[in-house]
Amino acid sequence: MYDCLQDSCSDFSFAVYDAVGRKRPLQGSLTATLLSADSSLPLQDLINYADQLGYSSQLDESGLLTIHDVGLLDALNINSRFGQHLIISCDLRRETPVRF
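Anyway, here's the lowdown on the structure attached to this text. Note that the coordinates shown come from a computational prediction; the quantities given were computed from them, not determined experimentally.

Procedures and definitions
Residues numbered from 1 in each chain as written. Predicted model: local features only at pLDDT ≥ 70, side-chain atom pairs only at ≥ 80, totals over all residues. Heavy atoms only, no water. Core = buried A, V, L, I, M, F, W, Y, C linked by side-chain atoms within 4.5 Å. Buried < 20%, exposed > 50% of the residue type's maximum accessible area, 1.4 Å probe, protein only. Helix = DSSP H or I, 4+ residues; strand = E, 2+ residues; numbered from the N terminus. Contact = heavy atoms within 4.5 Å. Expected span 1.5 Å × (residues − 1). Arc of directions from axis to C-beta. Salt bridge = Lys/Arg side-chain N within 4 Å of Asp/Glu carboxyl O. Patch = residues over 30% accessible without salt bridge, like charges linked within 9 Å, V, L, I, M, F, W, Y side chains within 5 Å. Areas by Shrake-Rupley, 256 points an atom, 1.4 Å probe, with all protein chains shown as cover.

## As for the nonpolar core
Grouped together as the largest cluster of nonpolar side chains are 15 residues, with contacts concentrated most on L46, L65, I67 and I78. Going through the elements one at a time, β3 (27-34), α1 (41-53), β5 (65-71) and α2 (72-82) are the ones with two or more residues in this core. Top contributing element to this core by residue count: α1, with five residues. Beyond its immediate chain neighbours, meaning those up to four positions away, I67 contacts G28, S29, L30, L46, A50, Y55, S56, S57 and I78.

## Side note on α1
Over its 13 residues, α1 runs 18 Å from end to end, which matches the ideal 18 Å to within 8%, given 1.5 Å per residue. Here α1 has its buried residues at P42, L43, L46, I47, Y49 and A50. Down the axis of α1, the buried side of the element spans an arc of 165°, and every buried residue falls inside it. Projecting away from the buried face of α1 at angles above 90 degrees are the exposed residues L41 and Q52. Where α1 is buried, its residues touch β3, β4 (57-59), β5, α2 and β6 (86-93). Two residues or fewer after α1 comes G54, characterised by a positive phi angle close to 95°.

## Structural notes on the pattern of salt bridges
For the structure on display, the rule yields one salt bridge. In this structure, D91 and R93 form a salt bridge, with 3.2 Å as the shortest nitrogen-oxygen distance.

## A word on a nonpolar patch on the surface
A cluster of nonpolar side chains, namely L26, L72, L73 and L76, defines an oily patch on the protein surface of about 370 Å² accessible area. Tracing the chain through its elements places L73 in helix α2. Overall, L73 belongs to the exposed group, its relative accessible area being 65%.

## Some thoughts on α2
If you check which residues of α2 are buried, you get A75, I78 and F82. Along the axis of α2, the buried residues cluster in a sector spanning 60°; they form a single face. Exposed residues lying more than 90 degrees from the buried face of α2 are L73, S80 and R81. Here the buried face of α2 lies against β3, α1, β5 and β6.

Here's what the structure looks like:
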């Protein structure tokens, strides 16, 4: 990691495994908006699909849908299934680094 104030660089590492030895997954928020304003049906379809997968979602008044705590494989499946009708963005991360 680079510190621009101190003009220095330091390494950091992630805890790849949790306390019982399972790999920590990449998770984050997925957002989707309509590609065209013709129909909001693709957003409703995505809300229903996310509900079936067990994710909580939120649609704001501007038409931005946010799905919370999405995993990598589900994000890829959502993009594959809905990417032709929606603009999809996703930010996936592991937990905060353990040591700096």
